[in-house]
Amino acid sequence: MKETRREFLAAAGLAGAAGLAGCTGQLTAEGAAFGAAEASLSASVQSETGYSHHRTVEDTRTRQFSRFGISRTVEVTSSISEYDRAIELGFLGTRIQAAIFATLSTPTITILGRDFNPVAEMDAAAIAGMIQQRYDNIRNLQEDASFETEVAGETTAVTRFTADARLVEIGQGVEIYLYVSEPVEVGEDFVVTLAGHPTAFGRNEETVRTLMGGVTHE
């Protein structure tokens, strides 16, 4: 595992979660731009699991890199794809989108003779923000278990966490499981996946394995 990955996991407070995918930018006197390819969930796995594509968004951030007295402005564009599944909450008499799956694809950039991982400074709150479209106020994140599975054809470790959250649709507190995979390298790229759902519906580990195994990278 590369040092940048270890730094990411430590900064995130999660024992295994990253998704990076990238293409090389061209350095100029002004700076450089790096973009990520999308990591998506195959149509067959969407059909099998009942998850559907919610949205894919690009997140562009600008950073300043300096070395040997040389400074360059770098634009980094990451790709985040979100999927969800409707679940019947019988005890509440309502149907909500409670189960979430997301992929993060971010370019690793090489500039001024060094490699930089643009998600190395992300903390747990930033990662949780990826699924706050359905969950809000995620707190009390605690490691629960770990296992291995495949992501984009590569074997990697997955850590399961418990956390307290609030379902946006109903404004009610709920305990959730949050699954985060370690970064996997696909060619010159890296891929991270996350899954979350209420603990009331069991661990659903096999479904999580199927989702993560169904990730494809362009």
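Quick summary incoming for the structure in this document. Everything numeric in this text was worked out from a predicted model, so none of it was measured.

## Topic: the pattern of salt bridges
At step 1: For the coordinates displayed, the defined rule picks out 6 salt bridges.
At step 2: With a closest N to O distance of 3.2 Å, Glu82 and Arg55 form a salt bridge. Pair noted here: Glu82 is in strand S4 (residues 70-89) and Arg55 is in strand S3 (residues 52-67), with a separation of 27 residues, a long-range link.
At step 3: Glu82 gets classed as buried once you look at its relative accessible area, which sits at 6%.
At step 4: Where Glu205 meets Arg160, a salt bridge forms, and the shortest distance between an N and an O atom there is 3.7 Å. Of this pair, Glu205 sits in helix H4 (residues 205-213) while Arg160 sits in strand S9 (residues 154-167); the two residues are 45 residues apart in sequence, bridging distant segments of the chain.
At step 5: We classify Arg160 as buried; its relative accessible area is 5%.
At step 6: Within the structure, one salt-bridge network assembled from shared partners comprises Asp144, Arg160, Glu205, Glu206 and Arg209.

## Considerations on the nonpolar core
At step 1: Ranked by size, the top nonpolar core spans 20 residues in total, and within it Leu41, Tyr51, Phe101, Tyr179 and Met212 carry the most contacts.
At step 2: Looking at this core, the elements that each hand over two or more residues are strand S2 (39-41), strand S5 (94-105), strand S8 (135-151), strand S10 (172-181), strand S12 (189-198) and H4.
At step 3: With 3 residues, the single largest contributor to this core is H4.
At step 4: Once you skip the residues sitting within four places of it in the chain, Leu41 turns out to touch Gln46, Tyr51, Tyr83, Phe101, Leu211, Gly214 and Val215.
At step 5: Membership of the second largest hydrophobic core comes to 9 residues, among which are Ala98, Ile100, Ala163 and Ala165.

Parameters at a glance
- Residues numbered from 1 in each chain as written.
- Predicted model: local features only at pLDDT ≥ 70, side-chain atom pairs only at ≥ 80, totals over all residues.
- Heavy atoms only, no water.
- Salt bridge = Lys/Arg side-chain N within 4 Å of Asp/Glu carboxyl O.
- Helix = DSSP H or I, 4+ residues; strand = E, 2+ residues; numbered from the N terminus.
- Buried < 20%, exposed > 50% of the residue type's maximum accessible area, 1.4 Å probe, protein only.
- Core = buried A, V, L, I, M, F, W, Y, C linked by side-chain atoms within 4.5 Å.
- Contact = heavy atoms within 4.5 Å.

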